[in-house]
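# Survey of secondary and tertiary structure
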Amino acid sequence: RACGDIDAVLAGPGDVSEKFFELANRPSVGISVAGHAVRVEQDHGTTKHSGGVVWETAFFLLRYLESHVLGKRSSRSTPPRVVELGAGCG
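Notes on the structure follow.

## Quick word on the pairing of strand 2 (residues 28–33)
- With 5 of its 6 residues buried, strand 2 lies for the most part within the structure.
- Inspection of the sheet shows strand 2 paired to strand 3 (residues 36–41) by 6 bridges, in the antiparallel sense. If you follow S28 over to strand 3, its bridge partner there is E41.
- Remark: 2 residues form the turn of the hairpin made by strand 2 and strand 3, two consecutive strands paired antiparallel; A34 in that turn has positive phi of roughly 50°.

Right, dumping it as C-alpha cells:
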C-alpha cells in the first residue's frame with residue numbers, strides 16, 4: 001500500500017481511532033509540517049518493541065510543537081532541532 005497522508009486520512013469520514021490503526025499498517029506515513037512534507041518509513045518487522053510504527057500520540061505532539069514552538073520562533077533562517085523521546089504508549 002502507498003504512503004498514508006495523515007491529514008488527508010483524518011479529514012475523511014469515519015472513526016478516528018480506526019483511521020490511526022489503518023495508518024499504522026501502512027509502510028510509511030506522510031504529513032505536512034510547517035509547509036514542508038515529511039515522510040516516515042515504518043518498520044513492521046520489529047518484534048522486540050513497539051517502536052516500528054508512528055503512534056497517534058506522535059501526531060498530537062507534532063501538531064502541538066508546530067503551533068506552540070515553530071509558530072513562535074523569531075528566526076526562521078535556521079531549522080529547529082527537535083528530539084522526539086518517545087510519544088508512544090509503551
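Here the narrative resumes, following the displayed structure.
## Some thoughts on the pattern of salt bridges
- In this structure the tally under the stated criterion is 4 salt bridges.
- Between R63 and D7 there is a salt bridge, with its nearest N and O atoms 2.7 Å apart. With a gap of 56 residues between them, R63 in helix 3 (residues 56–68) and D7 in helix 1 (residues 6–11) connect regions that are remote in the sequence.
- Accessibility expressed as a relative area gives 21% for R63, which makes it partly exposed.
- One salt bridge in this structure joins E66 and R63, with 2.7 Å as the shortest N-O distance. Within this pair, E66 and its partner R63 are both found in helix 3, separated by 3 residues, close to a single helical turn.

Rules used throughout
- Residues numbered from 1 in each chain as written.
- Predicted model: local features only at pLDDT ≥ 70, side-chain atom pairs only at ≥ 80, totals over all residues.
- Heavy atoms only, no water.
- Buried < 20%, exposed > 50% of the residue type's maximum accessible area, 1.4 Å probe, protein only.
- Helix = DSSP H or I, 4+ residues; strand = E, 2+ residues; numbered from the N terminus.
- Pairing = 2+ DSSP bridges.
- Salt bridge = Lys/Arg side-chain N within 4 Å of Asp/Glu carboxyl O.

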